[in-house]
Structure formats: C-alpha cells, structure tokens
Amino acid sequence: MDNQAPIKLPKTSESDHLKRIRHTTSHVMAMAVQKLFPKAQVTIGPWTGEHLTYAMSNYT
C-alpha cells in the first residue's frame, strides 16, 4: 500500500463535464427532498463559482 500513487480528485473548476454533473445532481437532490418532504420549501441559491447553495425549510 505504501507504493501507491496518491489519488487526485478533479476540481469543478478544472472540468466543464464535472461542473455539469454536479449541477444536475444538485437539482436531482432538491427534487428528492421535495418528494420525501412535500411541504419542504427549497430555494436554490446562486452559483458561487465552486458550488450551488440551497436553503431548505420544512413548514409543518
């Protein structure tokens, strides 16, 4: 195990493809939250250059 090369994970800023995957995945996550919690209020915040932000509230 000591002779293995280190793992290098790509950064969003280095890959447009990875940026699209992460963007789409964040929307799928928001839809899943709304499906599991129908009263959830999901607000998608701005793209910060690194990630999307979300605010979620559950009004019961």
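Here, the structure is the one placed above.
Below you will find a few notes about this structure. (Residues numbered from 1 in each chain as written. Predicted model: local features only at pLDDT ≥ 70, side-chain atom pairs only at ≥ 80, totals over all residues. Heavy atoms only, no water.)

**Things to note about the overall build of the chain**
So the rule is basically this: Numbering goes from the N terminus for both helices and strands, where a helix is a DSSP run of H or I of at least four residues and a strand is a run of E of at least two. Summary of the burial criterion: residues with accessible area below 20% of their type's maximum are buried, those above 50% are exposed, and those between are partly exposed, where the area comes from a 1.4 Å probe applied to protein chains only. What makes two residues a contact is simply this: any of their non-hydrogen atoms within 4.5 Å. Surface exposure here means Shrake-Rupley accessible area, sampled with a 1.4 Å probe, where a residue is shielded only by the protein chains that are shown.
For the chain, the helix and strand inventory stands at one helix and two strands. Along its sequence from the N terminus, the chain presents helices and strands in the succession α-β-β. When burial is assessed residue by residue, the chain has 13% of its 60 residues classed as buried. For the chain, long-range pairs separated by at least 24 residues make up 23% of all intrachain contacts whose partners lie at least 6 apart in sequence. Here the chain has roughly 5,300 Å² of accessible surface; of this, 60% comes from carbon and sulfur atoms.

**Observations regarding the pattern of salt bridges**
Stated precisely, the cut-off is as follows: Every case where a carboxyl oxygen of Asp or Glu lies within 4 Å of a side-chain nitrogen of Lys or Arg is listed as a salt bridge.
Counted under the stated rule, the structure contains two salt bridges. Here Glu14 and Lys8 are joined by a salt bridge, their closest N and O atoms 3.4 Å apart. Among the residues examined, Glu14 registers a relative accessible area of 49% and is labelled partly exposed. Lys19 is the salt-bridge partner of Asp16, the closest N and O atoms lying 3.9 Å from each other. Here Asp16 and its partner Lys19 are both found in helix 1 (residues 16–36), three residues apart, which amounts to about one turn of the helix. With a relative accessible area of 31%, Lys19 lands in the partly exposed category.

Just geometry here; none of it tells us what the structure is for.
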